[in-house]
Amino acid sequence: MAKKQFKSESKRLLDLMIHSIYTHKEIFIRELISNASDAMDKLYYKSLSSKELNFDQEDYYIQVIPNKEDRTLTIIDTGIGMNKEELENNLGTIAKSGSLAFKEENQPQDGIDIIGQFGVGFYSSFMVAEEVTVKTKALGEESSWNWTSQGSDGYSINPGSKESTGTEIVLNIKENTEEENYDQYLDPYYLKGLIKKYSDFIRYPIKLLMTKSRLKEGEDQQFEEYQEEETVNSMVPIWRKNKNELTNEDYENFYQEKHYGYDKPLSHAHISVEGAFRYNAIFYIPEKASYDYYTKEFEKGLELYSSGVLIMHRAPELLPDHFSFVKGLVDSEDLSLNISREMLQQDRQLKLIAKNIEKQIKKELLNLLNNKREDYEKFYDSFGRQLKYGVYADFGQNKDLLAELLLFKSSKEGLLISFDEYLGRMKEEQKFIYYATGESTAKIEKLPQAELLQEKGYEILYLTEDIDEFALKVMNNYKEKEFKNISSQDLGIEDLDQKEELKEELEKNQDLYQEMKEILGDKILEVKPSRRLKKHPVCLTSGGDISIEMEKVLNQMPNNEGIKADKILEINIEHPAFKALEQAKTVSKEEFSLYTKLLYDQALLIEGLPIEDPVEFADNIWKLLK
Ligand code: ADP
């Protein structure tokens, strides 16, 4: 049959991989064995619901056969196999469409990194092989098929002669080069090490054909070579092993092997619960979000095993949304193999497991926060947003669980701090936890509203993401200290005399404030002399529950247009601008109106809000310059 082309995106990825100097070429063996094991799992799972199929443990194994003369390495499984259509679909496309484009947009072109991100499974065999042949026969099919490819120039599929169900993959191993010793992939002892390293826990026997030597019968000094199959994996799944026997590297290898992510996990936890309902679980806190994490396509969940058999790739019931970034698995002997999706949702035991896992995840995150701050901040950089959504979602149901885990940049040193750290260094007389909102910390730092607080030495939390203030509003307080937006009318620090002073000023200049309000109409609630401003002439503060920042966010959402914060225009009476304003009032109504509008527009600009009539603003400035 004629050669077929790989889909174009797959071809590019394959090219990158073959020609990259990726240092971990050896992982191809892990990928192929893992596919073989999956194929047998699929068959086993089928046999559970089929009367004709009889699953006999003995019949399920993986063979690895190195052959130095032919330079081939063959991996055979007795799994479910593939029919022609599956061959075409499964081995004709590498990357899910769009994922490569995503990578290229977001990172400089780098083959190594792309492999790291997508762990391209079966195709990794092209890193060590110049030609790959897949001979396969699907369960229940009459005919078998051979798929052959030498890499990125395409593949062909032809009728085959395989008699038993399953798949046989033949790699024609490359010749040695100066940089790379490919011969080692034909050396049984080397292969044995790799299999033990990467695939020890695979629950089917991996039988490696070893070449050994022994004394020749009847001879004293003469040795002869002979071949013998040896099962090289222990077959005990990692989660059934004793924690003390496992190293960090074991857990990391398992994470890679499972394709939980292509980053290095920041930490893991291994739980074994005995008693009325027994289960083992391993979960990981990843460092980086997968490319689809913050999209609708992302599906959360842990793998679910029943007595070592995978029954569900992703059981969403096991993870709450706020911890959806967690990867891992749960295995229980007390769970029925035939449990259906619907039954799972109802399952009381599963709910208990999920609750416990949630608790353990929180514990692990706190452990990172308190003992491995740098790692926690890496984690937070990727998943902090999810935690904040978690606080806000479901009417704040989980806020108490999550509040401790939040970090925000602070006005002191610009570092990330937790609420507890904030409380720990609050001034004695300080009543509130202050925060400011804005697009970036640089912008927030310049907000005039912050002046008074900074003078008092109060720390301010900088909220730069849309979700931030909503989360804080839902929480309302942390350990009984309420949150306060620095742009809100009452900062909670005005003492009486100063309030008196303001009242006097308001009375003295009542006309002026009133007239300004009339000029600006219902754009604002009122105009007031300010106590908080030091160097700046004006600012906008909000009187009600909706802050100016929230107004911005809400107006970007559909169906929410028209929501308005109660804005108050504050004027710094110590500022020369105020003198000029008073002066203008004595000149003419027009002059006063001009100054008022300009000051208001200035306040809008500082707040990052659009000016309602930019043309008028420009004209007004021109009038003033004349
Ligand atoms: P992944 O395993 O991540 O899905 P691969 O590129 O390794 O990606 O494999 C693609 C698909 O090809 C698998 O999902 C599976 O359906 C099929 N496949 C690969 N190897 C085998 C095998 N040994 N037996 C049956 N199917 C296989």
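Residues numbered from 1 in each chain as written. Predicted model: local features only at pLDDT ≥ 70, side-chain atom pairs only at ≥ 80, totals over all residues. Heavy atoms only, no water.

1. Overview of helix α7 (residues 248-257)
Residues spaced three or four apart along an α-helix point in a common direction, a consequence of the helix completing one turn every 3.6 residues.
Point 1. Taken residue by residue, α7 has Tyr251, Asn253, Phe254, Tyr255, Gln256 and Glu257 as its buried positions.
Point 2. The inward-facing, buried residues of α7 abut α2 (27-48), α6 (188-199), β9 (267-273), β10 (279-285) and β13 (327-332).
Point 3. After α7 finishes, the residue histidine 259 shows a positive phi value of roughly 55°. (Buried < 20%, exposed > 50% of the residue type's maximum accessible area, 1.4 Å probe, protein only. Helix = DSSP H or I, 4+ residues; strand = E, 2+ residues; numbered from the N terminus. Contact = heavy atoms within 4.5 Å.)

2. Details of the sheet that holds strand β11 (residues 302-306)
Point 1. Strand order across the open sheet formed by five strands is β9-β10-β13-β11-β12, with mixed pairing between neighbours. The sheet is open, and its two borders are formed by β9 and β12 (309-315), each paired with just one other strand. For this sheet the average axis-to-axis angle between neighbouring strands, irrespective of direction, equals 15°.
Point 2. Taken together, the seven bridges between β9 and β10 define a ladder with antiparallel strand orientation. Within the sheet, the bridge partner assigned to histidine 268 lies in β10 and is tyrosine 284.
Point 3. Strands in contact with α7 are β9, β10 and β13; relative to β10, the strand with the most contacts, it is inclined by about 85°. (Pairing = 2+ DSSP bridges. Axes fitted to C-alpha atoms, helices over the stretch in contact; angles between N-to-C directions.)

3. Things to note about the pairing of strand β3 (residues 129-137)
Point 1. In the sheet, β3 pairs with strand β6 (residues 166-173) via eight bridges, with the strands oriented antiparallel. Bridge pairing in β6 links valine 132 to leucine 171.

4. What about the packing of α2 against α6?
Point 1. Relative to each other, α2 and α6 sit at 60°, their axes nearing to 9 Å. For the element pair α2 and α6, the recorded crossing hand is right-handed. Contact with α2, carried on its side by Ile27, Ile29, Arg30 and Ile33, involves Leu191, Leu194, Ile195, Tyr198 and Ser199 of α6 and no other residues of that element.
Point 2. Across the contact of α2 with α6, the residue classes break down as seven nonpolar, one polar and one charged. (Left-handed = near helix turned anticlockwise from the far one by under 90°. Nonpolar A, V, L, I, M, F, W, Y, C, P; charged D, E, K, R; others polar.)

5. Comments concerning the pairing of β11
Point 1. With five of five residues buried, β11 lies mostly within the body of the structure.
Point 2. Relative to β12, β11 is paired through four bridges, and the arrangement is antiparallel. Residue pairing across strands places leucine 302 opposite alanine 315, the latter belonging to β12.
Point 3. Between β11 and β12, which follow one another and run antiparallel, lie two residues, and serine 307 among them has a positive phi close to 45°.
Point 4. Inspection of the sheet shows β11 paired to β13 by four bridges, in the parallel sense. Residue pairing in the sheet places serine 306 in a bridge with serine 332 of β13.

6. Notes on the site of the ligand
Point 1. Not every one of the 11 residues close to the ligand is listed here, only the nearest: Asn35, Ala39, Asp77, Asn90 and Phe122.
Point 2. At 2.8 Å from an oxygen atom of the ligand is found a main-chain nitrogen or oxygen belonging to phenylalanine 122.
Point 3. Here a nitrogen atom of the ligand sits 3.4 Å away from a polar atom, N or O, in the side chain of threonine 167.
Point 4. When the ligand is considered free in solution it has 540 Å² of accessible area, and contact with the protein chains removes 75% of it.
Point 5. Of all the secondary-structure elements, those providing two or more residues to the shell around the ligand are α2 and α3 (84-91).
Point 6. At three residues, α2 tops the list of elements feeding residues into the shell around the ligand.
Point 7. Taken together, the residues that form the shell around the ligand break down as five nonpolar, four polar and two charged. (Near = heavy atom within 4 Å. Polar contact = N/O pair within 3.5 Å; in protein donor to acceptor, adjacent residues only side chain to side chain. Areas by Shrake-Rupley, 256 points an atom, 1.4 Å probe, with all protein chains shown as cover.)

7. A look at the domain arrangement of the protein chain
Point 1. According to the domain assignment, the protein chain consists of domain 1 (11-231), domain 2 (238-378), domain 3 (407-486) and domain 4 (494-626).
Point 2. Of note, the centres of domain 3 and domain 4, computed from C-alpha atoms alone, are 24 Å apart.
Point 3. Between domain 3 and domain 4, the residue contacts involve 15 residues of the former and 19 residues of the latter.
Point 4. Taken together, the links from domain 3 to domain 4 amount to two salt bridges.
Point 5. Glutamate 451 is the partner of lysine 535 in a salt bridge, and the nearest nitrogen-oxygen pair spans 3.9 Å.
Point 6. Summed over the shared surface of domain 3 and domain 4, the number is eight residue pairs in polar contact (both at pLDDT 80 or more).
Point 7. Taken together, the elements giving at least two residues each to the side of domain 3 that touches domain 4 come down to α14 (451-456) and α15 (466-475).
Point 8. Of the residues contributing to the side of domain 3 that touches domain 4, the split by class is five nonpolar, four polar and six charged. (Domains from an automatic or database assignment. Salt bridge = Lys/Arg side-chain N within 4 Å of Asp/Glu carboxyl O.)

8. Comments concerning the packing of helix α20 (residues 589-607) against helix α21 (residues 614-625)
Point 1. Relative to each other, α20 and α21 sit at 125°, their axes nearing to 10 Å. Taken together, α20 and α21 sit at an angle that is classed as oblique. Where α20 crosses over α21, the handedness of that crossing is left-handed. Contacts between α20 and α21 involve Leu594, Tyr595, Lys597, Leu598, Asp601 and Leu605 on the former and, on the latter, Glu616, Phe617, Asn620, Ile621, Lys623 and Leu624.
Point 2. Its residues assigned to classes, the contact of α20 with α21 comprises seven nonpolar, one polar and four charged. (Parallel < 35°, antiparallel > 145°, perpendicular 65-115°, else oblique.)

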